[in-house]
Amino acid sequence: MKKFIGTLMLGVLAVSFAGTVQADEKQTDVIYNVENSYTLKIPAKIDLQNLDSPIIGTDAHNIKPMQVLKIQLSSANLAIDEQGTITLTRQNEKGTAKKLTTQMFASGDLQNPLKKDVPFFEAEGTSSEGSTTGLTFTEIEGEKPAGTYNATLTFTASVEDK
Amino acid sequence: MKKKTIISAIVLVIVLVCGYFLFQHLQQEEKLLADVESAEEWTGERQVSREPSPTIEIPGFDSIPLKADSTQQQVNFHNPKNNTCYFKLSLWRDPDTKLWESKLLEPGKAIYDLTLNQAVAAGKYDQAMLKYECFTLDKQEPLNGSEINLTLNVQ
């Protein structure tokens, strides 16, 4: 009987010890979170006369899986209408401003002019060299009174879920 | 005999003078021909060689953390040193609420501390935006700019 009680006590101790060990085995998550980061590369100005075709994209980017960086023309661009026509205005204008118009295209797609709020460039994954695309413009036609014509453009970037 | 010698001398002089003038004439003709460019046929205006289009580097953010109910904030805004333009940054809680605007920021310079126009309550603001306006270094004329859509994490 004594032997039985001793064995029982040992059994109880073993079970309680095992329970204690199990209670101590809490799971610990080791987390290392790297936020999305990128450096945009935009044309400083667009000189249709004297400069090479401008480029736009990223200088580098590090985007999480299942997400994508998108670039588009901002809705705040006053020089662009809904059809994507860009109006260049002659500088130092007095009185009625002289204006010229053009349209902008990306990635060699000459069918669809870039419009406001419509993404035209995407980047995903990680790249230390970034990725870019070229911008092209329709030839300015018609009478061109002498002077410098320009328009300031604003590009919007955002990271979105795929 | 003497007469013959004189005539020969005169003929020789005439030949020499004529030869000299002929040589001069030919040389002049050769010189004139050398001045004419061997050019192409005019087929209309061609594009002259162009300079590379300058670019601006703009740091992008997916989210920015802010302290709740405080106007004093710590951030990491900078103008990359490769740029050749000023930045003017502004932080927007939503398209209608500007929280802060910088003065002109030179290339290679950063803003780590700023004071907001108003404190922001705790929460996530996913209509936020960091706006970059760019200006030339010499005349401070406007250049192309950018808007970075982001989330403000206010805690």
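Before going into details, it helps to say that this report is about the structure given with it.

Rules of the game
- Residues numbered from 1 in each chain as written.
- Chains lettered and ligands numbered in written order.
- Predicted model: local features only at pLDDT ≥ 70, side-chain atom pairs only at ≥ 80, totals over all residues.
- Heavy atoms only, no water.
- 1 Å grid on protein atoms, 1.4 Å probe; cavity = no way out; pocket = protein on both sides within 12 Å on 5 of 7 lines; lining within 4 Å.
- Points joined across faces, edges and corners; volume = space filled by probe spheres on them.
- Helix = DSSP H or I, 4+ residues; strand = E, 2+ residues; numbered from the N terminus.
- Nonpolar A, V, L, I, M, F, W, Y, C, P; charged D, E, K, R; others polar.
- Contact = heavy atoms within 4.5 Å.
- Salt bridge = Lys/Arg side-chain N within 4 Å of Asp/Glu carboxyl O.
- Pairing = 2+ DSSP bridges.
- Core = buried A, V, L, I, M, F, W, Y, C linked by side-chain atoms within 4.5 Å.
- Buried < 20%, exposed > 50% of the residue type's maximum accessible area, 1.4 Å probe, protein only.
- Phe/Tyr/Trp six-rings, centres within 6.5 Å; stacked < 30°, edge-to-face > 60°.
- Polar contact = N/O pair within 3.5 Å; in protein donor to acceptor, adjacent residues only side chain to side chain.

### Some points on the layout of surface pockets
And then number 1: In this structure, the largest pocket encloses a volume near 1,400 Å³.
And then number 2: Elements supplying a minimum of two residues to the lining of the largest pocket: β8 (132–137) and β9 (149–150) of chain A together with β1 (55–61) and β8 (142–154) of chain B.
And then number 3: Residues of the lining of the largest pocket, tallied by class, amount to 21 nonpolar, 16 polar and 10 charged.
And then number 4: In this structure, the second largest pocket spans a volume of roughly 240 Å³.
And then number 5: Along its surface, the second largest pocket is lined by 18 residues, and A76(A), T152(A), L153(A), T154(A) and K131(B) are the ones closest to its centre.
And then number 6: Secondary structure elements with two or more residues in the lining of the second largest pocket: β7 (123–136) and β8 of chain B.
And then number 7: With 6 residues, the top contributor of residues to the lining of the second largest pocket is β8(B).

### Quick notes on the interface of chain B and chain A
Note: interface size is frequently given as the accessible area lost on complex formation between the parts.
And then number 1: In this assembly, 23 residues from chain B lie in contact with 33 residues from chain A.
And then number 2: Summed over the shared surface of chain B and chain A, the number is 0 salt bridges.
And then number 3: Secondary structure elements with two or more residues in the side of chain B that touches chain A: β1 and β8 of chain B.
And then number 4: Considering each element in turn, the side of chain B that touches chain A owes the most residues, 8 residues, to β8(B).
And then number 5: Grouping the constituent residues of the side of chain B that touches chain A by class yields 9 nonpolar, 9 polar and 5 charged.
And then number 6: With 7 bridges joining them, strand β1 (residues 37–43) of chain A and β1(B) adopt antiparallel strand pairing. Bridging across to β1(B), P43(A) finds its partner in T55(B).

### Here's the deal with the nonpolar core
And then number 1: Membership of the largest hydrophobic core comes to 54 residues, with the highest contact counts inside it found for F120(A) and F77(B).
And then number 2: Ranked by the residues each element gives to this core, the list is headed by β8(B), at 5 residues.
And then number 3: Not counting residues up to four positions away in its chain, the partners in contact with F77(B) are F61(B), I64(B), L89(B), W100(B), A110(B), I111(B), L114(B) and L130(B).

### Structural notes on the pairing of strand β4 (residues 85–90) of chain A
In summary, the side chains of a regular strand alternate between the two faces of the sheet.
Residues and elements named next belong to chain A.
And then number 1: Examined bridge by bridge, β4 and strand β5 (residues 99–106) share 5 bridges and lie antiparallel to one another. Each residue of the ladder has a partner; that of L88, found in β5, is L100.
And then number 2: Of the strand pairs in this sheet, β4 and β9 are connected by 2 bridges, and their pairing is antiparallel. Residue pairing across strands places R90 opposite Y149, the latter belonging to β9.

### A closer look at the packing of aromatic side chains
Residues and elements named next belong to chain B.
And then number 1: According to the stated counting rule, one finds 5 aromatic pairs over all chains in the structure shown.
And then number 2: Look at F61 and F77: their rings are 5.8 Å apart centre to centre, the planes differ by 75°, and that puts the pair in the edge-to-face class. Taken together, the residues F61 in strand β1 and F77 in strand β3 (residues 72–78) connect sequence positions 16 residues apart. Take F61 and F77: they sit in the same class, and that class is buried.
And then number 3: Aromatic ring contacts, followed pair by pair, group F61, F77 and W100 into a single cluster.

### Describing the side chain of K116(A)
All names here are of chain A.
And then number 1: For K116, the location among the structural elements is in the loop between β5 and β6 (121–123).
And then number 2: Engagement of the side chain of K116 in a polar contact is seen with the backbone oxygen of N77, the distance being 3.2 Å.
And then number 3: Among the polar contacts listed, one links the side chain of K116 to the backbone oxygen of I80, at a separation of 2.9 Å.
And then number 4: Leaving out residues up to four positions away in the same chain, K116 has contacts with L73, S74, S75, N77, I80, D81 and E82.

### What about the pattern of salt bridges?
And then number 1: Under the definition given, this model contains 9 salt bridges over all chains.
And then number 2: Where D94(B) meets R93(B), a salt bridge forms, and the shortest distance between an N and an O atom there is 3.2 Å.
And then number 3: Between E101(B) and K98(B) there is a salt bridge; the shortest N-O distance is 2.6 Å.
And then number 4: Among the charged side chains, a network of salt bridges with common partners joins K70(A), E122(A) and E160(A).

This is a description of form; function is not addressed.
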